[in-house]
Amino acid sequence: MKIFLDTAELDEIKKYIELIDGVTTNPTLVMKSERNFEQVCKDIIKKVKGPVSVETVSESEEMMIKEAIEFAKWGKNVVVKIPMTHEGLKAVKELSKKGVKTNVTLVFSANQALLAAKAGATYVSPFVGRLDDQGMDGMQLVAEILDIFENYEFPTEVIVASVRSPEHVKAAALLGAHIATVPPQIMEKLFKHSRTDEGMRKFMEDWEKVSK
Ligand code: G3P
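Residues numbered from 1 in each chain as written. Predicted model: local features only at pLDDT ≥ 70, side-chain atom pairs only at ≥ 80, totals over all residues. Heavy atoms only, no water.

### Let's talk about the site of the ligand
Moving on, step 1. All residues in the neighbourhood of the ligand are listed as Asp6, Asn26, Lys81, Phe127, Arg130, Ala161, Ser162 and Arg164.
Moving on, step 2. Between the ligand and Asp6, the relevant distance is 2.5 Å, taken from an oxygen atom to a side-chain nitrogen or oxygen of the residue.
Moving on, step 3. At 3.2 Å from an oxygen atom of the ligand is found a side-chain nitrogen or oxygen belonging to Asn26.
Moving on, step 4. A total of 310 Å² of accessible area belongs to the ligand in isolation, and the protein chains cover 82% of it.
Moving on, step 5. Class assignment for the residues of the shell around the ligand results in two nonpolar, two polar and four charged. (Near = heavy atom within 4 Å. Polar contact = N/O pair within 3.5 Å; in protein donor to acceptor, adjacent residues only side chain to side chain. Areas by Shrake-Rupley, 256 points an atom, 1.4 Å probe, with all protein chains shown as cover. Nonpolar A, V, L, I, M, F, W, Y, C, P; charged D, E, K, R; others polar.)

### So, the side chain of Ser53
Moving on, step 1. Structurally, Ser53 can be placed in strand E3 (residues 52-55).
Moving on, step 2. Not counting residues within four places of it along the chain, the set of residues in contact with Ser53 comprises Val23, Thr24, Thr25, Val79, Lys81 and Asn103. (Helix = DSSP H or I, 4+ residues; strand = E, 2+ residues; numbered from the N terminus. Contact = heavy atoms within 4.5 Å.)

### A closer look at the pairing of strand E7 (residues 157-160)
Moving on, step 1. Judged by which residues are buried, E7 turns out to be covered on both faces: Glu157 and Ile159 on one side and Val158 and Val160 on the other are all buried.
Moving on, step 2. Both strand E6 (residues 123-126) and E7 contribute to a ladder of two bridges, which runs parallel. For Tyr123, the partnering residue across the bridge sits in E7 and is Glu157.
Moving on, step 3. Bridge count for E7 against strand E8 (residues 179-182) is two bridges, and the pairing is parallel. Of the residues in E8, the one forming a bridge with Val160 is Ala180. (Buried < 20%, exposed > 50% of the residue type's maximum accessible area, 1.4 Å probe, protein only. Pairing = 2+ DSSP bridges.)

Here is the structure:
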């Protein structure tokens, strides 16, 4: 499973650069970075070898396509994030004809994912955490989407998004999701285990007692 970092913080990206396969951003994450949109996106695109998702903020098909074509000029690894709307799907269809990679975001149902794949989306992003927040099972949606894509051999890859815990990452891998996009604070937790820390402390203590 590929791991993307879900952030627009360049320092966090640099911290995990050797371990990640790509980056996803959204308007909220860019806002939190407190940096200029174009500048921060260009910095990330330059730093990361793998796919970098940059999100459109228009509502009409025409404007989304215009934004997407501009973003695609920023680097070969740009993936244009398009919201799961009727206008968005029309834009995805056109962009796929033009060879622009897309990530259909804000996916909350299997039918939305099916339509996005049929429109030619490179990726779909089901938001598992936000579904869990509503008392639903986000990972069940991921399982359904993976089944549908397998049934029809869609090349569209599933990015498990809105990841809130290491459990989400493990569940994504067990289901065979292509990608999980992980916020930095969860990335940190993937490394950590109290027994690892305890074991390390003991080895270091004993090492001090070894004659060298
Ligand atoms: O990048 C999209 C997604 O991961 C957002 O997550 O935590 O705002 O639901 P969250």
